[in-house]
Amino acid sequence: MSVLDVQGLTKAYKKDKLVLDHISFHLEAGECLGLVGESGCGKSTLARCVLGVETIKDGHIRLFDEPIQHLSEKKLRPLRKHFQAVFQHPTASLNPKRTIRESLLDPYQQFEKELSLAHFSFTSPDAFVRQLLEAVELPEELANRYPHELSGGQKQRVTIARAISIEPAFIVLDEPTASLDVLSQGAVLALLTTLRQSLGIAYLFISHDLAAVHQMSQRIMVMKEGKLVDQFSSDELMANERDSYTKELIAIF
Ligand SMILES: Nc1ncnc2c1ncn2[C@@H]1O[C@H](COP(=O)(O)OP(=O)(O)OP(=O)(O)O)[C@@H](O)[C@H]1O
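Residues numbered from 1 in each chain as written. Predicted model: local features only at pLDDT ≥ 70, side-chain atom pairs only at ≥ 80, totals over all residues. Heavy atoms only, no water.

### Concerning the layout of surface pockets
Think of a ball as big as a water molecule: rolled over the atoms, this probe shows where empty space is left. Short version of the rule: Cavity means a closed set of points on a 1 Å grid over the protein atoms alone, one where a 1.4 Å probe fits but cannot get out, pocket means an open set with protein on both sides within 12 Å along at least 5 of 7 lines, and lining means a residue has an atom within 4 Å of a point. Grid points are joined across faces, edges and corners, and a volume is the space filled by probe spheres set on the points. Charged residues are taken to be Asp, Glu, Lys and Arg, nonpolar residues to be Ala, Val, Leu, Ile, Met, Phe, Trp, Tyr, Cys and Pro, and polar residues to be all remaining types, Gly included. Annotation comment: domain bounds sourced from an automatic or database domain assignment.
One number sums up the size of the largest pocket: a volume of about 400 Å³. Around the largest pocket sit 16 residues that line it, and Arg80, Phe83, Gln84, Ala85 and Phe87 are the ones nearest its centre. Here the residues of the lining of the largest pocket are counted per class, giving nine nonpolar, four polar and three charged. In this structure, the lining of the largest pocket is formed jointly by two domains, domain 1 (1-82 + 168-252) and domain 2 (92-167), each of which donates at least three residues. Lining of the second largest pocket is provided by 13 residues; of these, Gly52, Glu54, Thr55, Gln69 and Leu71 occupy positions nearest its centre. Here the residues of the lining of the second largest pocket sort into six nonpolar, five polar and two charged.

### Some remarks on the packing of helix H4 (residues 100-111) against helix H6 (residues 152-164)
The condition is simple: Note on geometry: axes are lines fitted to C-alpha atoms, helical ones only across the stretch in contact, with angles between N-to-C directions running from 0 to 180 degrees. In this description a helix means any DSSP run of H or I spanning at least four residues, a strand means any run of E spanning at least two, and both kinds are numbered starting from the N terminus. Oblique is the label for any angle not covered by the other classes, which are roughly parallel (under 35 degrees), roughly antiparallel (over 145) and roughly perpendicular (65 to 115). By convention the crossing between two helices is left-handed if the near helix lies anticlockwise of the far one by an angle smaller than a right angle, and right-handed if it lies clockwise. Whether two residues touch is decided by their heavy atoms; if any such pair falls within 4.5 Å, the residues are in contact.
In the contact formed by H4 and H6, the axes pass within 7 Å of each other and the chain directions differ by 30°. Between H4 and H6, the angle is such that the two are roughly parallel. The crossing of H4 and H6 is right-handed. Contacts between H4 and H6 involve Ile100, Ser103, Leu104 and Pro107 from the first element and Val158, Ala161 and Arg162 from the second.

### Brief notes about the site of the ligand
Our working rule: Residues are labelled near a given molecule or strand when at least one of their non-hydrogen atoms is within 4 Å of it. Under the rule applied, a polar contact is a pair of N or O atoms within 3.5 Å (in protein, one hydrogen donor and one hydrogen acceptor; residues adjacent in sequence only if both atoms are side-chain atoms). Reported accessibility uses the Shrake-Rupley method at a 1.4 Å probe radius. Residues are deemed covered only where the shown protein chains occlude them.
Within the structure, the ligand sits among Tyr13, Val19, Glu38, Ser39, Gly40, Cys41, Gly42, Lys43, Ser44, Thr45 and Arg48. Interatomic distance of 2.8 Å between a backbone N/O atom of Ser44 and an oxygen atom of the ligand. In the model, a nitrogen atom of the ligand is placed 3.4 Å from a nitrogen or oxygen of the Arg48 side chain. If the ligand stood free it would expose 640 Å²; the protein chains cover 56% of that surface. Looking at which element gives the most residues to the shell around the ligand, the answer is helix H1 (residues 43-50), with four residues. In the shell around the ligand, the residues fall into three nonpolar, five polar and three charged.

### Examining the confidence of the model for the protein chain
Basically, it comes down to this: As a per-residue measure, pLDDT reflects the predictor's confidence and takes values from 0 up to 100.
Here the protein chain averages 95 in pLDDT, while 100% of its residues score no lower than 70. For this predicted complex, the interface confidence comes out at an ipTM of 0.96, alongside a pTM of 0.95.

### Quick notes on the sheet that holds strand S8 (residues 202-207)
Let me state the cut-off plainly: Any two strands are treated as partners once DSSP identifies two or more bridges connecting them.
Read across the open sheet, the six strands follow the order S6-S7-S8-S3-S9-S10; overall the sheet is mixed. The open sheet has two edge strands with one neighbour each: strand S6 (83-86) and strand S10 (227-233). Geometrically, the sheet is characterised by an average inter-axis angle of 15° between neighbouring strands, direction not taken into account. Strand direction decides the pairing type here: strand S9 (residues 219-224) and S10, joined by six bridges, are antiparallel. Bridging from a neighbouring strand, Met223 pairs with Leu228 of S10. Set on the sheet, H1 makes contact with strand S3 (32-36), S6, strand S7 (170-174), S8 and S9; between it and S7 the angle comes to about 155°. Sitting on the sheet, helix H9 (residues 244-252) is in contact with S3, S9 and S10, with an inclination near 100° to S9.

### Some remarks on the pattern of salt bridges
The test is simple: Basic side-chain nitrogens of Lys or Arg form a salt bridge, by our definition, when they fall within 4 Å of a carboxyl oxygen of Asp or Glu. Summary of the burial criterion: residues with accessible area below 20% of their type's maximum are buried, those above 50% are exposed, and those between are partly exposed, where the area comes from a 1.4 Å probe applied to protein chains only.
Counted according to the given criterion, the structure contains 11 salt bridges. In this structure, Glu54 and Arg48 form a salt bridge, with 2.9 Å as the shortest nitrogen-oxygen distance. Given a relative accessible area of 30%, Arg48 falls into the partly exposed group. With its nearest N and O atoms 2.9 Å apart, the salt bridge here joins Arg101 to Asp126. With Arg101 in helix H4 and Asp126 in helix H5 (residues 125-135), this pair connects stretches of sequence that are 25 residues apart. For Asp126, a relative accessible area of 40% corresponds to the partly exposed category. Connected through shared salt-bridge partners, Lys11, Arg48 and Glu54 make up one network.

This is the structure in structure tokens:
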């Protein structure tokens, strides 16, 4: 089943310059779909279009077969429980004035009445926060700290815990480990895979790092200057028929 279906997506910030040029792909339930491409090719713009925070010039974005590309924020709001995002800089994603506990409870409190959770259970705020911290392998005593009292890796685990808390159908992961040191990067990528497998949440995993994308994803899309130039199953990365640009990216890693 497709949770997300994008067809002919076109975006321009300035009149005639296409930043996204007829992008088409689908995201299946529970899979990790990788998107790789060099800086400035349009990856984050694509993420923002999918998340409904950018207007688009042309094309369709369907969530469970429902077109969402032209919905007002009011109409899109109840659908937001189906998708979440994790970005590169966890510090920018967490409110510095709120404790980790408060940040973790945010999405649940926003969608409480419309949620039916399969994996987590909300018996009390404290018990819920404990489950989330445990899921991302953080000690429960972090709950009462503020973001500045956590390491970068711990903060990113908190943003991941917050994203999975409402068990969305998919999460857009936009360079989720780019701000972390190499050891934390590996640990966070492994955690994300474990969570995907146990919770059944699909990922659109965006990175300029082909090795990370290959490690995480079942399918890979390659983007260059606003166009998808290659799409293939992860085990076909080294196949001869790869686009010449994909081969260039392989040669760099
Ligand atoms: N708000 C904006 N207004 C005008 N142009 C923009 C805006 N955001 C991005 N762009 C331009 O759109 C193009 C794609 O940018 P985007 O951030 O989507 O690329 P990216 O692949 O995510 O890059 P990076 O990996 O460096 O984050 C770039 O040329 C960028 O300068």
